[in-house]
Amino acid sequence: MKKFLLMATAATMLTLSVNAQPGGGRPQMEKKQKSEKNDSIVVTEHKEERNVMANAEYMDRPRDLDAGLGSGSTPTVQFGDGLPVSYTTFPIYSHQHWKPGASQERMRMLGLAERGIRAGAPCYVQDTYAWKGSKKFEGKFNIRLNNQGHQTYEGGLGLPLGAGWSTAIHIYEDYNKGFNDVKITPMQGRTQMLQWGITKDFRNGQFWALYKYTDDFQNMDMNAPALYHIDGSVELMEGFKIGRDTYMPDDDRMTYLDVATGEKKSVNFGSLGSAYVNEFQAGLTLNLKNNLTFSAVLKYLHGSTSKTMNNLATQGDANENSGFTYTDGSLFTGRYQTRNIKFESGTINDITSTFELRKKTKKYEWIIGLNEWHNHLDFIGSSSIIAQECAVNPRRLYKDGEDSWSYNLMGEYTKGDENRLALYWIHNMHLTDRWDFNYGLRLEDKAISVHAPFNVDGDNSNSRKPGFSLKSQGAHIVDKTYNFFVPSAIFYTGYRINNHLLAAVDAAMIRGRASLHQWGNGNEPRLDPAEIIIASAGISYKNHWMDWASKISIMRKNNELANTMFAKNFDGVAAQAAAQVNYDLQSTAWVNDINIYPFKGFNMHFRLMLQKPEYKSYDCEVTYDNGVTEQYSFSGKNIKNLNQVLMEIDPSYSFGKFRVSATVRYTGKSYINLTNTLTMNPIWDTFANIDYRMNKYVSFNLNIINLLNTAGIAGRINGADTADEEQAKRFDGQFMAGSFRIPRTFNFTTRIHF
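Residues numbered from 1 in each chain as written. Predicted model: local features only at pLDDT ≥ 70, side-chain atom pairs only at ≥ 80, totals over all residues. Heavy atoms only, no water.

**Q** Provide a residue-level description of the packing of aromatic side chains, including the pertinent values.
**A** This model, assessed by the stated rule, comprises 29 aromatic pairs. The interplanar angle of 25° and the centroid separation of 5.2 Å between the aromatic rings of Tyr-653 and Phe-655 together place this pair among those described as stacked. By relative accessible area, which is 33% here, Tyr-653 ends up partly exposed. Clustering of aromatic rings is evident, with ring pairs tying together Phe-599, Phe-602, Tyr-653, Phe-655, Phe-658, Tyr-692 and Phe-700. Here Arg-106 stacks its cationic end above the ring of Tyr-129, 4.0 Å away from the centre of that ring. Over the aromatic face of Tyr-326 sits the side chain of Arg-395, whose NZ or CZ is 3.8 Å from the ring centroid. (Phe/Tyr/Trp six-rings, centres within 6.5 Å; stacked < 30°, edge-to-face > 60°. Buried < 20%, exposed > 50% of the residue type's maximum accessible area, 1.4 Å probe, protein only. Lys NZ or Arg CZ within 6 Å of the ring centre and 35° of its normal.)

Encoded structure:
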């Protein structure tokens with residue numbers, strides 16, 4: 001492999017071009033200019049691309065798109081050749097074994113409505129199609145380097161084998177030092193991938209098969225210490241420089257209580273973060289008589305992981321009686337930071353398949369499909385709390401002589417199976433030259449068989465308290481099975497008033513149920529269905545130099561289920577509580593989207609969304625680890641960390657062998673606590689891109705992330721979630737810690753394709 005990479009160093013690329021691909025589906029409210037590929041956002045859900053890879057927080061994955069309910073409610077997930085990259089993103093994340101690059105031939109974005117029918121999930125989907133063969137000898141060799149020390153090398157060869165057979169092999173190597181000078185691990189990210197595909201083309205269809213192996217290590221830290229001001233501004237702690245310093249302690253020893261055995265063990269969490277994934281996938285497409293097409297895709301995935309979850313928790317003030325010391329035993333007084341550390345290990349086995357029969361004519365198109373998706377999960381998570389000083393390049397702290405404490409307050413143990421069997425139907429009709437009518441229906445049976453220690457039927461013996469394990473008194477395994485009926489439906493109608501103007505109305509109901517891993521934290525999750533209900537109406541206008549669309553929508557999600565950490569200071573002493581909370585979310589939004597192309601080579605895209613996102617039925621009772629119980633109601637409050645104004649501007653210009661483009665994204669003021677008494681100022685995310693094609697074989701790219709170099713600290717303030725107006729005033733000048741935007745980064749890419 002090393003010799004192969006040395007041969008490739010004269011070449012290679014940046015990430016996968018994310019231009020949307022043509023595809024079937026409901027009539028579009030507006031389309032991109034056909035003469036130029038670009039990064040523009042489009043208003044319609046079916047093919048909207050939304051600059052998904054322009055991510056200000058991570059370079060190797062798509063950003064979550066805001067549908068008005070918060071990114072966690074409608075995330076962006078990866079599909080590969082029509083099937084999910086992972087059945088679930090837990091405990092192995094999709095981005096650990098999916099990387100953008102030359103291993104994919106094309107991509108398309110699927111919106112909430114279509115994915116609600118095809119996959120029964122309230123999410124945006126980035127569906128990529130792997131390079132599995134070539135009808136001619138073909139090579140792709142790419143290299144990306146940046147000023148942060150991140151290196152990506154990839155190369156592949158495709159060639160015909162004769163008699164309709166072809167093949168392609170691809171190798172990917174990635175070295176990521178990270179953006180902070182973390183002492184506990186020399187490399188925060190390291191990925192090796194091997195992908196091999198083979199394709200057989202025949203008279204009326206195609207067969208293909210694909211194998212992929214991934215060896216991935218991820219132990220990223222993008223946290224920084226800062227000071228919060230009551231006017232909504234945040235400044236980095238004096239002396240802290242992103243890229244030079246770190247907020248990770250220099251001692252990574254963690255003691256934990258094994259959830260399964262009750263044994264006390266220790267580990268160095270800086271060395272953990274590995275995932276190993278083997279994937280086998282195959283597909284068949286047959287073009288039948290009478291405009292019928294049959295397709296089938298099947299996949300088997302086996303993965304194992306050993307990693308740590310490392311989250312910032314609370315801050316507090318220590319005095320001489322608090323029991324905090326440095327690792328050498330000397331007394332510590334002052335501001336301290338705690339972290340929730342969880343040692344996680346597990347395996348997953350997925351078997352997924354999708355079958356579709358499609359018929360398309362000039363007047364209509366219908367699709368009938370079947371999903372059979374199965375997941376087996378075996379997972380253990382043993383948690384502890386550790387502490388450090390609140391400082392630049394902080395030192396580790398011990399409490400009462402212990403490096404870790406509060407064992408398994410967030411401990412998890414889950415074994416079991418989850419199966420989804422679904423039948424779906426999509427029907428798109430051109431009733432007249434002006435009127436289109438589409439609908440879809442999904443009927444799903446979701447079966448879960450769980451083997452885990454959780455509370456059920458009023459029994460609280462499996463509650464997670466400090467020191468919990470399966471050896472604790474009263475703790476026991478519960479074996480239980482569940483069956484859920486999960487229907488979803490979509491509806492769309494559009495009327496072309498004239499050759500330029502279109503009016504459209506659509507609606508969707510996407511239902512979800514609890515997932516297997518939610519039984520692992522000690523409580524039976526709420527079994528009521530979670531539903532996303534969407535209704536929108538809009539108009540679009542198109543002429544030879546402009547596309548404009550405007551849409552008003554209302555969206556509501558019922559029975560949102562979240563495992564939430566509450567933190568509060570009681571007389572200067574930090575306390576926290578883990579609570580499983582159910583609530584509803586609602587958002588009303590007005591979206592305007594315009595593309596203008598007044599002269600050849602130039603395109604300007606502008607998008608503005610005004611929204612009102614709020615909690616509904618958010619009432620809960622919380623018991624802190626100091627024994628204090630409090631009740632809260634956040635109904636009617638703005639959804640935390642979700643703004644009311646979103647704006648994006650994307651100009652691009654192509655001339656000669658060059659293409660120059662930029663993205664400017666404005667995220668308005670947001671609230672950073674549940675009571676909405678503390679705000680965070682607006683943030684500008686900026687990207688710039690220059691492409692130069694030297695000839696038909698060689699091209700170069702300069703991509704700049706965070707052109708204005710804004711820190712964009714996003715985090716939590718200890719004890720702020722429940723603060724009222726008067727209590728909020730004391731947080732002026734308060735220390736906080738959180739994640740930062742990628743600092744100004746210059747990515748230099750060379751691509752050779754022959």
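**Q** Could you give me a rundown of the pairing of strand β4 (residues 124-130), with the residues and numbers involved?
**A** Most of β4 is tucked away: 7 of the 7 residues are buried. On β4, burial covers both faces: Tyr-124, Gln-126, Thr-128 and Ala-130 on one face and Val-125, Asp-127 and Tyr-129 on the other are all buried. (Helix = DSSP H or I, 4+ residues; strand = E, 2+ residues; numbered from the N terminus.)

**Q** Could you give me a rundown of the nonpolar core, with the residues and numbers involved?
**A** In terms of nonpolar packing, the biggest core is built from 21 residues, with Leu-678, Ile-717, Met-736 and Phe-740 touching the most fellow members. Counting residues per element, this core draws most heavily on strand β10 (residues 223-228), which supplies 3 residues. The contacts of Leu-678, once residues within four sequence positions are left out, are Tyr-228, Ile-230, Ser-670, Tyr-671, Ile-672, Asn-673, Ile-717, Ala-720, Ala-728 and Phe-731. In this structure, Ala-452, Phe-454, Val-456 and Phe-484 belong to the second largest nonpolar core, which totals 20 residues. (Core = buried A, V, L, I, M, F, W, Y, C linked by side-chain atoms within 4.5 Å. Contact = heavy atoms within 4.5 Å.)

**Q** Which residues make up a nonpolar patch on the surface, and what are the values?
**A** A contiguous nonpolar patch, built from Phe-137, Leu-159, Leu-161, Trp-165, Phe-202, Phe-207, Tyr-697 and Phe-754 and spanning about 720 Å² of accessible area, is present on the exposed surface. With respect to the helices and strands, Phe-207 occurs in strand β9 (residues 205-218). (Patch = residues over 30% accessible without salt bridge, like charges linked within 9 Å, V, L, I, M, F, W, Y side chains within 5 Å. Areas by Shrake-Rupley, 256 points an atom, 1.4 Å probe, with all protein chains shown as cover. Salt bridge = Lys/Arg side-chain N within 4 Å of Asp/Glu carboxyl O.)

**Q** Can you lay out the sheet that holds strand β11 (residues 234-236) for me, pointing to particular residues and giving the numbers?
**A** Spatially, the 4 strands line up as an open sheet ordered β11-β10-β37-β36, and their pairing is antiparallel. The open sheet terminates on both sides in strands that have one partner only, identified here as β11 and β36 (714-716). Geometrically, the sheet is characterised by an average inter-axis angle of 45° between neighbouring strands, direction not taken into account. In this sheet, strand β37 (residues 734-739) lies alongside β10 in antiparallel orientation, the contact comprising 6 bridges. Residue Ala-226 lies in a different strand from β37, and its bridge partner there is Met-736. (Pairing = 2+ DSSP bridges. Axes fitted to C-alpha atoms, helices over the stretch in contact; angles between N-to-C directions.)

**Q** Can you break down the environment of Leu-288 residue by residue, with the values?
**A** Topologically, Leu-288 is positioned in the loop between β14 (274-287) and β15 (292-318). Relative accessible area serves as the criterion here: at 39%, Leu-288 is assigned to the partly exposed category. Once the C-alpha coordinates of Leu-288 and Arg-358 are considered, the two residues, 70 residues apart in sequence, prove to be 9.8 Å apart.

**Q** Explain the side chain of Ser-134 residue by residue, including any values.
**A** Summarising the element assignment, Ser-134 is placed in the loop between β4 and β5 (138-146). A polar contact is formed between the side chain of Ser-134 and the backbone oxygen of Lys-136, at a distance of 2.6 Å. At a separation of 2.8 Å, a polar atom in the side chain of Ser-134 contacts the side chain of Glu-138. (Polar contact = N/O pair within 3.5 Å; in protein donor to acceptor, adjacent residues only side chain to side chain.)

**Q** Go over the pattern of salt bridges, please, and point to the residues and values.
**A** What the rule picks out here adds up to 33 salt bridges. Among the salt bridges present, the one from Glu-365 reaches Arg-358, with a minimum N-O distance of 2.6 Å. Of the residues examined, Glu-365 reaches a relative accessible area of 6% and is grouped as buried. A relative accessible area of 25% places Arg-358 in the partly exposed class. For the salt bridge of Lys-542 with Asp-547, the shortest nitrogen-to-oxygen distance reads 3.1 Å.

**Q** Provide a residue-level description of the pairing of β10, including the pertinent values.
**A** Among the 6 residues in β10, 5 count as buried, and that is most of the element. Here β10 pairs with β11 via 3 bridges, running antiparallel. By the bridge assignment, Tyr-228 is partnered in β11 with Val-234. Taking the residues that link successive antiparallel strands as the turn, the β10-β11 hairpin has 5 residues, and the phi of Gly-232 there is positive, at about 95°.

**Q** Please give an account of the environment of Gly-156 that cites residues and values.
**A** Relative to the elements of secondary structure, Gly-156 occurs in strand β6 (residues 151-162). Taking the C-alpha atoms as reference points, Gly-156 and Leu-194, 38 residues apart in sequence, are found 9.8 Å from one another.

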